[in-house]
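Understanding the architecture of this molecule
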Amino acid sequence: MASGVTVSDACKTTYEEIKKDKKHRYVIFYIKDERQIDVEVIGARDEEYDAFLTNLQAGGAGECRYGLYDFEYMHQCQGTSESSKKQKLFLMSWCPDTAKVKKKMLYSSSFDALKKSLVGVQKYIQATDLSEASQEAVEEKLRATDRQ
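The shown structure was predicted, so the numbers you read here are calculated from the model rather than taken from an experiment.

Here we take up the side chain of Ser109. Topologically, Ser109 is positioned in helix α3 (residues 101-117). When its relative accessible area of 13% is taken as the criterion, Ser109 is described as buried. Within the structure, the side chain of Ser109 is placed 3.2 Å from the backbone oxygen of Leu106, a separation counted as a polar contact.

As enumerated under the stated definition, the model contains 15 aromatic pairs in all. Taken together, a centroid distance of 5.4 Å and an interplanar angle of 70 degrees make the contact between Tyr26 and Phe52 edge-to-face. Of this pair, Tyr26 sits in strand β2 (residues 24-32) while Phe52 sits in helix α2 (residues 49-56), placing them 26 residues apart in sequence. Consider the rings of Tyr49 and Tyr69, whose centres lie 5.1 Å apart with planes at 75 degrees: the pair is edge-to-face. Of this pair, Tyr49 sits in helix α2 while Tyr69 sits in strand β4 (residues 65-76), placing them 20 residues apart in sequence. Note on Tyr49: relative accessible area 2%, which makes it buried. Looking at Tyr69, the relative accessible area reads 6%, which means it is buried. Joined through ring pairs, the aromatic side chains of Tyr26, Tyr49, Phe52, Tyr69, Phe71, Tyr73 and Phe90 make up one cluster. The ring of Tyr124 carries the charged tip of Lys115 above its face, separated from the ring centre by 4.8 Å.

Its location among the elements puts Gln87 in strand β5 (residues 83-94). Through-space distance from the C-alpha of Gln87 to that of Thr98 is 32 Å; in sequence the pair is 11 residues apart. Polar side-chain contacts of Gln87 include one of 2.5 Å to the side chain of Glu72.

This brings us to α2. Those residues of α2 not exposed but buried are Tyr49, Phe52, Leu53, Asn55 and Leu56. Buried residues of α2, seen end-on, are gathered within an arc of 165 degrees and therefore sit on one face of the element. Exposed side chains of α2 directed beyond 90 degrees from the buried face belong to Asp50 and Thr54. Buried residues in α2 make contact with β2, β3 (36-44), β4, β5, α4 (130-133) and α5 (135-143).

With that settled, consider the side chain of Arg65. Summarising the element assignment, Arg65 is placed in strand β4. A relative accessible area of 7% places Arg65 in the buried class. Within the local environment of Arg65, its side chain forms a polar contact with the side chain of Glu40, the two groups lying 2.7 Å apart. A distance of 3.3 Å separates a polar atom in the side chain of Arg65 from a polar atom in the side chain of Glu63.

Analysis parameters
Residues numbered from 1 in each chain as written. Predicted model: local features only at pLDDT ≥ 70, side-chain atom pairs only at ≥ 80, totals over all residues. Heavy atoms only, no water. Helix = DSSP H or I, 4+ residues; strand = E, 2+ residues; numbered from the N terminus. Buried < 20%, exposed > 50% of the residue type's maximum accessible area, 1.4 Å probe, protein only. Polar contact = N/O pair within 3.5 Å; in protein donor to acceptor, adjacent residues only side chain to side chain. Phe/Tyr/Trp six-rings, centres within 6.5 Å; stacked < 30°, edge-to-face > 60°. Lys NZ or Arg CZ within 6 Å of the ring centre and 35° of its normal. Arc of directions from axis to C-beta. Contact = heavy atoms within 4.5 Å.

Okay, structure coming up:
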């Protein structure tokens, strides 16, 4: 079900700056006036995952957000002794259980519009609490897509 919410050009531009130019580490999106997905916070390239989580929740317990993060981790293929650095872009839909039903519905129905406009994201994650959004949980989901 589409919500009729559009994606601003700023979202697409910032996404390209992260994906191609590696200018930023992450970006937080929000739905403005129930009509358009827009950029709320852009994280500097040297910011850590904790800053991403803090900004994702900055709206408060009743607010939903989307977050795009350029995640880096070390991966070791089976049978080799070398580790290589991997980077994966993931898009997270953050809708805490404490958010109002109408808001959760708006964010979940608008998630597809954002997915379609950000081509090349490797993983989509839906999180309702910190255990699902934690660095460990996210890394586990990203590693599950690696070849062994």
